Amino acid sequence: VQVVESGGGLVQPGGSLRLSCTASGFTFSSYVMSWYRQAPGKERELVARITNVGGRTNYADSVKGRFTISRDNAKNMVYLQMNSLKPEDTAVYYCTARRPPATMESWGPGTQVTVAS
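Anyway, here's the lowdown on the structure attached to this text. (Residues numbered from 1 in each chain as written. Predicted model: local features only at pLDDT ≥ 70, side-chain atom pairs only at ≥ 80, totals over all residues. Heavy atoms only, no water.)

Within the largest apolar cluster, 29 residues are counted, with the highest numbers of intra-cluster contacts made by Met 33, Trp 35, Val 78, Leu 80, Met 82 and Tyr 93. Among the elements of the structure, strand S3 (17-24), strand S4 (32-38), strand S5 (45-50), strand S7 (67-72), strand S8 (77-82), strand S9 (91-98) and strand S11 (111-115) are those that each provide at least two residues to this core. (Core = buried A, V, L, I, M, F, W, Y, C linked by side-chain atoms within 4.5 Å. Buried < 20%, exposed > 50% of the residue type's maximum accessible area, 1.4 Å probe, protein only. Helix = DSSP H or I, 4+ residues; strand = E, 2+ residues; numbered from the N terminus.)

What follows is the structure in structure tokens.
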């Protein structure tokens, strides 16, 4: 199982970024895909998740209405569209893959998102 994030960078407050996660080495459509983030000095937190069946989504309260997770099973890709970015969104963002009912997740190396003027 391998996942690799891309699309991070520096953006001004109020701006947008789209993160991408490229998956390989597993049956992508069978896996729950998630985005986590970790800011300096803070614990890692779940940002958004999309299920393998039905594509149901859930979000952290702090990003609801601003972030959208989506997946393309034909391309083995998962995305995180981030709008109305705030300085507190600054963090390293990680993509993960998990095949239910297993609990262990496979992690990517992360991509840095910095929101600053």
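Now, onward.
Here Arg 37 shows up in strand S4. Residues Arg 37 and Ser 16 lie 21 residues apart in sequence; the distance between their C-alpha atoms is 16 Å. Beyond its immediate chain neighbours, meaning those up to four positions away, Arg 37 contacts Glu 43, Arg 44, Glu 45, Val 47, Ser 62, Val 63, Phe 67, Glu 88, Asp 89, Ala 91, Val 92 and Tyr 93. Here the side chain of Arg 37 touches Asp 89 through a polar contact of 2.9 Å, side chain to side chain. At 2.9 Å, the side chain of Arg 37 and the side chain of Tyr 93 are in polar contact. (Contact = heavy atoms within 4.5 Å. Polar contact = N/O pair within 3.5 Å; in protein donor to acceptor, adjacent residues only side chain to side chain.)

Given two aromatic rings, one states the distance between the centres and the angle between the planes to describe the pair. For the coordinates displayed, the defined rule picks out 4 aromatic pairs. Note on Phe 26 and Phe 28: the rings are 6.2 Å apart at their centroids and 45 degrees apart in plane angle, and the pair reads as tilted. Neither residue differs from the other here; Phe 26 and Phe 28 are each classed as buried. For the pair Tyr 36 and Trp 107, a centre-to-centre distance of 4.8 Å together with 45 degrees between the ring planes defines the contact as tilted. Of this pair, Tyr 36 sits in strand S4 while Trp 107 sits in strand S10 (residues 106-107); the two residues are 71 residues apart in sequence, bridging distant segments of the chain. Among the residues examined, Tyr 36 registers a relative accessible area of 12% and is labelled buried. Owing to a relative accessible area of 36%, Trp 107 belongs among the partly exposed residues under this scheme. Every member of this aromatic cluster is reached through a ring pair, and the members are Phe 26, Phe 28 and Tyr 31. Across from the ring centre of Trp 107, 4.4 Å away, lies the NZ or CZ of Arg 44, which sits over that ring. Between the NZ or CZ atom of Arg 71 and the centre of the ring of Phe 28, over which it lies, the distance is 4.6 Å. (Phe/Tyr/Trp six-rings, centres within 6.5 Å; stacked < 30°, edge-to-face > 60°. Lys NZ or Arg CZ within 6 Å of the ring centre and 35° of its normal.)

With that out of the way, let us pick up the environment of Tyr 93. The residue Tyr 93 is located in strand S9 in this model. On the accessibility criterion, Tyr 93 (0% relative accessible area) is buried. Counting along the chain gives 17 residues from Tyr 93 to Gly 110, while the straight-line C-alpha distance between them is 5.3 Å. Dropping the residues within four chain positions of it, Tyr 93 is found in contact with Glu 5, Leu 19, Trp 35, Tyr 36, Arg 37, Val 47, Phe 67, Leu 80, Met 82, Gly 110, Thr 111 and Val 113.

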